[in-house]
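The chain contents come next:
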Amino acid sequence: MEIGIIGSGAIGLLFGFHLSENHSVRLYTRRKEQAEALNRDGIVLKNLTGDNRQRKISADTSDNYQEEFLIVAVKQYQLKEIAASLKGCRERKKLLFLQNGMDHLSILKELSQQHDCYAGVVEHGARKESENTVKHTGMGKTNLGSFGTGAAEELALQLDSPAFPFQWKENCRVMLAEKLLINTCINPLTALLGIKNGELISNSQYNLMMRSVFEEAFAILKLTDKEKSWDKVQEICAKTHHNVSSMLADIQSGRVTEIDAILGYLIKLSPFPETNAPIIVFLYRSIKGKETS
Ligand SMILES: NC(=O)C1=CN([C@@H]2O[C@H](COP(=O)(O)OP(=O)(O)OC[C@H]3O[C@@H](n4cnc5c(N)ncnc54)[C@H](OP(=O)(O)O)[C@@H]3O)[C@@H](O)[C@H]2O)C=CC1
Ligand SMILES: CC(C)(CO)C(=O)C(=O)O
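Cut-offs applied
Residues numbered from 1 in each chain as written. Chains lettered and ligands numbered in written order. Predicted model: local features only at pLDDT ≥ 70, side-chain atom pairs only at ≥ 80, totals over all residues. Heavy atoms only, no water. Near = heavy atom within 4 Å. Polar contact = N/O pair within 3.5 Å; in protein donor to acceptor, adjacent residues only side chain to side chain. Areas by Shrake-Rupley, 256 points an atom, 1.4 Å probe, with all protein chains shown as cover. Nonpolar A, V, L, I, M, F, W, Y, C, P; charged D, E, K, R; others polar. Helix = DSSP H or I, 4+ residues; strand = E, 2+ residues; numbered from the N terminus.

Focus: the site of ligand 2
Then comes step 1: If you check the shell around ligand 2, you find Asn100, Lys179, Asn183, Ile186, Asn187, Asn197, Ile236, Asn243, Ser245 and Ser246 and nothing else.
Then comes step 2: Contacts to ligand 2 include Asn183, whose side-chain N or O atom sits 3.1 Å from an oxygen atom.
Then comes step 3: At a separation of 3.0 Å, an oxygen atom of ligand 2 approaches a polar side-chain atom of Asn197.
Then comes step 4: Taking 280 Å² as the accessible area of ligand 2 by itself, protein coverage stands at 85%.
Then comes step 5: Residue classes in the shell around ligand 2 are distributed as 2 nonpolar, 7 polar and 1 charged.

As for the site of ligand 1
Then comes step 1: Looking at ligand 1, there are 24 residues lining it, with Ile11, Arg30, Arg31, Ala126 and Glu258 nearest.
Then comes step 2: The backbone of Gly9 places a nitrogen or oxygen atom 3.2 Å from an oxygen atom of ligand 1.
Then comes step 3: Note that an oxygen atom of ligand 1 is positioned 2.6 Å from one of the side-chain N or O atoms of Arg31.
Then comes step 4: Protein contacts shield 84% of the accessible area of ligand 1, which totals 910 Å² for the unbound molecule.
Then comes step 5: Elements with a contribution of two residues or more to the shell around ligand 1: helix H1 (10-19), helix H3 (79-87) and strand E9 (125-130).
Then comes step 6: For the shell around ligand 1, the element with the highest residue contribution is E9, accounting for 3 residues.
Then comes step 7: Grouping the constituent residues of the shell around ligand 1 by class yields 9 nonpolar, 9 polar and 6 charged.

Here it is, written out as structure tokens:
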């Protein structure tokens, strides 16, 4: 399959490396220097065992996306510009969006009138180390569902490989909401307290704080099986106990966070956030404040 990947950060490079094993992949970058580095040196993938692998790739700064299948791997707050270019495409495309959070669903809704839209939940961990180097910090799979009528099961099968698994999920909204619940519980608290994910379970006071956030978010998202969801949140904290969450990493590096995609979405969804979700509102303001201080 011919695949275009828009955005060559941690996730774009990780997907580019693995998918180019069985498919023809082009990376679309924002900056010319990055496209030049990728065309010259290929993608370097570092894995947890310390191995480095390099693969040739072609990269381009154009927004005239040629491929029928495009993976969108930019941050949620960078989507607007890309959505405008995608609206300008005359041919029908298959678009897979990999953003955390759920605030991008309004963009998917608009684009799905013109294209087949899919959403993915990435369980891998990845960190960009240079223009063409990515470190695979956590092995997982990518869950994929259709936002509309696209054939997600078929797409997941085409992309799936033993080294880089994809799994079809029938209910795209539930898939996204379950990941949103995890990011809601872990990311803002770790960023505010300056702690690694594991401390949210090893420190009993922080664990009680996380449970309070969980209660509010669970009620807003209207998910089923509360205790199973709580166990899942705790399991992710344990599995990623050494991780600096993406939100803490963003705050430490002075970058904008994805707080709007995560808590901002829940606040919009809640009819009376100040009274129904006061802790979520408090956390939202804390992270917004940290972003600007
Ligand atoms: N990293 C991870 O482990 C995980 C990430 N995710 C999700 O995946 C998404 C991407 O994350 P991640 O890869 O870490 O983010 P990065 O910030 O590393 O990458 C985003 C990339 O998009 C590029 N970009 C921005 N605007 C454009 C544009 N108009 N055209 C082309 N490229 C553009 C940026 O370019 P430039 O460098 O020039 O700014 C940057 O390289 C996020 O929503 C995140 O929540 C989900 C699970 C795990
Ligand atoms: C699951 C978790 C919390 C792992 O760190 C994550 O997705 C993130 O940091 O954004």
